[in-house]
Amino acid sequence: DPPVTGHFRGVSDLCWEPARGSYLLTAGLDQTCRLWAEVPTPEGFTIWKEAGRPQVHGYDMTAVRCVGTGRSPGRGEPPHRYVSGSDEKEVRGFD
C-alpha cells in the first residue's frame, strides 16, 4: 500500500469544489496547497487521497477558496479557479 500523505503541519483552511464537490483544496502551515479527490481501489471502493499539490509557497498558507463557477471555459469563469493567501499578505489566483 502507498504511504499516507498529507500536510506535515496544521491545516489553516479548506474549500470544496463548488459545482459538484468533486475535490477538496486545503491550505497548510507547511507552505502548500493540496488537492484531494476520490480514487477507486482495486476492491471497488473509493477513498480520498492527495491527488496533487497545485501550489508550493515560501510562506505558510493561511487561506484558500475555490472561485470557479463550474461553467466551461469561454462561457464565463473557468471551472477550476482558486485563490490562496499566505503569511506574506498576498492573494494569488490560479486557473
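Parameters at a glance
Residues numbered from 1 in each chain as written. Predicted model: local features only at pLDDT ≥ 70, side-chain atom pairs only at ≥ 80, totals over all residues. Heavy atoms only, no water. Helix = DSSP H or I, 4+ residues; strand = E, 2+ residues; numbered from the N terminus. Buried < 20%, exposed > 50% of the residue type's maximum accessible area, 1.4 Å probe, protein only. Areas by Shrake-Rupley, 256 points an atom, 1.4 Å probe, with all protein chains shown as cover. pLDDT = per-residue confidence, 0-100. Salt bridge = Lys/Arg side-chain N within 4 Å of Asp/Glu carboxyl O. Pairing = 2+ DSSP bridges. Axes fitted to C-alpha atoms, helices over the stretch in contact; angles between N-to-C directions.

Q: Describe the overall build of the protein, and please don't skip the residues or the numbers.
A: When its secondary structure is counted, the protein shows zero helices and seven strands. Counting all 95 residues of the protein, 32% fall into the buried class. Summing over all exposed atoms, the protein offers an accessible surface of approximately 6000 Å²; the carbon and sulfur share of this is 55%.

Q: Give a description of the confidence of the model for the protein that names residues and reports values.
A: Of all residues in the protein, 84% have pLDDT values of 70 or greater, and the mean over the chain is 84. Least confident of the elements in the protein is strand S7 (residues 91-94), whose mean pLDDT is 83; most confident is strand S1 (residues 11-16), at 94.

Q: Any details on the pattern of salt bridges? Residues and values, ideally.
A: Enumeration according to the criterion identifies six salt bridges in this entry. With a closest N to O distance of 3.0 Å, Asp30 and Arg34 form a salt bridge. Here the two residues Asp30 and Arg34 agree in accessibility, since each one is buried. One salt bridge connects Glu88 with Arg92, and the closest N-O pair in it is separated by 2.8 Å. You can call Glu88 partly exposed: its relative accessible area is 22%. Taking relative accessible area as the criterion, Arg92 reaches 33% and is therefore assigned partly exposed.

Q: Just give me the short version of the sheet that holds strand S3 (residues 32-40), but keep the residues and values in it.
A: Strand order in the open sheet formed by four strands is S1-S2-S3-S4, and the pairing between neighbours is antiparallel. Two strands close off the open sheet at either side, each with one partner strand: S1 and strand S4 (46-56). Direction aside, the axes of adjacent strands within the sheet are offset by 25° on average. Pairing of S3 with S4 involves eight bridges; the strand directions are antiparallel. Residue pairing in the sheet places Thr32 in a bridge with Val56 of S4.

Q: Hey, could you go over the sheet that holds strand S5 (residues 61-66) for me, with residue numbers and the actual values?
A: Judged by pairing direction, the sheet is antiparallel, and its three strands sit side by side in the order S5-S6-S7 without closing on themselves. Either end of the sheet is taken by a strand with one partner, and the two such strands are S5 and S7. Averaged over all adjacent pairs, the angle separating strand axes in this sheet is 20°, with direction ignored. Both S5 and strand S6 (residues 82-86) contribute to a ladder of five bridges, which runs antiparallel. Within S6, the residue paired with Arg65 across the bridge is Val83.

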